[in-house]
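In case you want the letters, here they are:
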Amino acid sequence: MAGGGAPAKAVEPQPHPPKEQLPNISYCITSPPPWPEAILLGFQHYLVMLGTTVIIPSSLVPQMGGGNEEKAKVIQTLLFVAGLNTLLQSLFGSRLPAVIGGSYTFVPTTISIILAGRFSDTSDPVERFKRIMRAIQGSLIVASTLQIVLGFSGLWRNVTRFLSPLSVVPLVSLVGFGLYEFGFPGVAKCVEIGLPQLILVVFVSQYMPHVVKSRKHVFDRFAVIFTVVIVWIYAHLLTVGGAYNGKAQKTQISCRTDRAGLIDAAPWIRVPYPFQWGAPSFDAGEAFAMMMASFVALVESTGAFIAVSRYASATPMPPSILSRGVGWQGVAILVSGLFGTVNGSLVSVENAGLLALTRVGSRRVVQISAGFMIFFSILAGKFGAVFASIPAPIIAALYCLFFAYVGAGGLSFLQFCNLNSFRTKFILGFSVFMGLSVPQYFNEYTAINGYGPVHTGARWFNDIVNVPLSSEAFVAGCLAYFLDNTLHRKDSAIRKDRGKHWWDKFRSFKGDSRSEEFYSLPFNLNKYFPSV
């Protein structure tokens, strides 16, 4: 046909190519924002980590016999230790912008120590508080040796070198999604405060940047500060207006802005110091139980480290750097035990989610936040207590966003796996399902009966079994790791299905210049702390 030709072939849609480093991050580890912006972002990290810092001591200290004064001192100590450990981790550990704070993982074992019968003979509540605190300190000091040895000896490096994107997905995903019980259930404790906070932070961070165009990314980058201040003022107006007068005690604790008792009890200036509660006491059974909690925290923090590296747009963590970070996290638990924080230390999952919300993975920002932690714990006790009195439902609303981001960060590793493989589907589906189902059984059993499914005369043995099987990330991560490394893994095609061919490119720290840039120690310290 004259002048004719074959019709143009339609262009086939192409899948999105895998990205070794997460794109569209405004500031990565080594590219800090301008100082004014960095200071505001650091303060925002400080606000976010306050939730766990306040909630855990507020729950545990009264059970130990302490009052508002002891609660304020423990919160200040935990804040000081968190700042110190965050600096150590960012300078000498993994070198990631990871906040090291308190962890819910240690709470069940701590409660088991609180309920020990040997403290019931003390009539003075403050003396009972100090005795229990010294017992918790002793168990934390012993438990810290597990991570210190596994990390600095390089043993954890030998474990993590068998990780693949396939086994990382359930671990990292349930590090975030597994904390769902601290999300909307916390919002619902005072829904008239929590729900507006949740709606407002989603609107400001996700919709406002598209409505109001700004090159400075004001709304998505500082959404936490904007929304927390607005809803906090609204909650205070409800409080002073008498909205909760005569309400149930539980409602008043969750909703009021003047119920914490921290502001009056907190001193203006106080420097936490080691053994401030007295010499630690040691019990073999409690130490073994806390050591198991430390191992669970080790597995969970491995997933959190990987999520932080992803949201900081770093190269995947070499096993040697992950092992070094774990070693310094063991030091963090040791410091927690020496100072007496009533809790162990772990990578803050909520602050990892904040990296994703702000798209700022700068190491300097997190170091500035550590400065705020130390400053408010020492020199501005009452002023810091004002921020610590933010109602818990406001914090829970933020958790909904941050934990979701971390869980989604785990799902992003699916891009390196073959999702058409039935082996991949089985490992993913089975490990995630069991990671949700097994802890649900253990937690429901404990809630109904007051003790876990394993209930013998030895409390320490009960905790050794019940605590790890109550952690979603631990169950899913260990199961995926086992299945991925035992189920027909020697087939070369399966190696590619697992994403192992991509992951192994980063096994050697010294062979990748980008890894050298992100993870090298400062001040020529690599010769003292080599990346083995």
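Small disclaimer: the values here were computed from a predicted structure and weren't measured.

### Looking at the overall build of the chain
Okay, so step 1: A tally of regular secondary structure across the chain gives 24 helices and two strands.
Okay, so step 2: A compact globule built from 532 residues should have a C-alpha radius of gyration of about 24 Å, and the chain, at 24 Å, falls within 12% of that.
Okay, so step 3: Its C-alpha atoms give the chain principal-axis dimensions of roughly 100 × 50 × 50 Å.
Okay, so step 4: Within the chain, contacts between residues at least 6 apart in sequence are counted, and of these 85% link residues at least 24 apart.

### So, the nonpolar core
Okay, so step 1: Of all hydrophobic cores here, the largest spans 122 residues; its most connected members are Tyr46, Met64, Ile193, Val224, Phe402 and Phe413.
Okay, so step 2: Per-element tally for this core: the top contributor is helix α1 (residues 35–64), with 13 residues.
Okay, so step 3: Apart from the residues within four sequence positions on either side, Ile193 is in contact with Val231, Tyr234, Ala235, Leu238, Tyr244, Cys255 and Ile394.
Okay, so step 4: One finds Phe92, Trp328, Val331 and Leu521 within the second-largest nonpolar core, a separate group that totals nine residues.

### Structural notes on helix α6 (residues 165–177)
Okay, so step 1: End to end, α6 covers 18 Å across 13 residues, agreeing with the expected 18 Å (1.5 Å per residue, within 8%).
Okay, so step 2: Counting buried positions along α6 yields twelve of 13 residues, so the element is predominantly enclosed.
Okay, so step 3: Next to the buried residues of α6 lie α13 (284–311), α15 (349–358), α18 (392–411), α19 (422–449), α21 (472–486) and α23 (500–503).

### A closer look at the packing of α1 against helix α3 (residues 107–114)
Okay, so step 1: Taken N-terminus to C-terminus, the directions of α1 and α3 make an angle of 15°; their axes are 10 Å apart at the nearest point. In terms of axis orientation, α1 runs roughly parallel to α3. In the crossing of α1 with α3, the sense of the turn from one axis to the other is right-handed. Here Ile56, Leu60, Gln63 and Met64 of α1 lie close against α3, whose contacting residues are Val107, Thr110, Ile111 and Ile114.

### Observations concerning the state of the cysteines
What is meant by a disulfide is a covalent connection between two cysteines, made through their sulfur atoms.
Okay, so step 1: By the definition in use, this model includes one disulfide.
Okay, so step 2: Here Cys190 is linked by a disulfide to Cys255, with a sulfur-sulfur distance of 2.1 Å. With the S-S dihedral at roughly 125°, the linkage between Cys190 and Cys255 falls on the right-handed side. Taken together, the residues Cys190 in the loop between α7 (184–187) and α8 (191–211) and Cys255 in helix α11 (residues 249–255) connect sequence positions 65 residues apart.
Okay, so step 3: Residue classification places Cys190 among the buried residues on the basis of a relative accessible area of 1%.
Okay, so step 4: The structure places no disulfide on Cys400, whose sulfur is separated from the nearest cysteine sulfur, that of Cys190, by 14 Å.
Okay, so step 5: On the basis of relative accessible area, Cys400 is assigned to the partly exposed category, the value being 24%.

About the thresholds
- Residues numbered from 1 in each chain as written.
- Predicted model: local features only at pLDDT ≥ 70, side-chain atom pairs only at ≥ 80, totals over all residues.
- Heavy atoms only, no water.
- Helix = DSSP H or I, 4+ residues; strand = E, 2+ residues; numbered from the N terminus.
- Rg over C-alpha atoms; globule rule 2.2 N^0.38 Å.
- Contact = heavy atoms within 4.5 Å.
- Core = buried A, V, L, I, M, F, W, Y, C linked by side-chain atoms within 4.5 Å.
- Buried < 20%, exposed > 50% of the residue type's maximum accessible area, 1.4 Å probe, protein only.
- Expected span 1.5 Å × (residues − 1).
- Axes fitted to C-alpha atoms, helices over the stretch in contact; angles between N-to-C directions.
- Parallel < 35°, antiparallel > 145°, perpendicular 65-115°, else oblique.
- Left-handed = near helix turned anticlockwise from the far one by under 90°.
- Disulfide = S-S within 2.5 Å.

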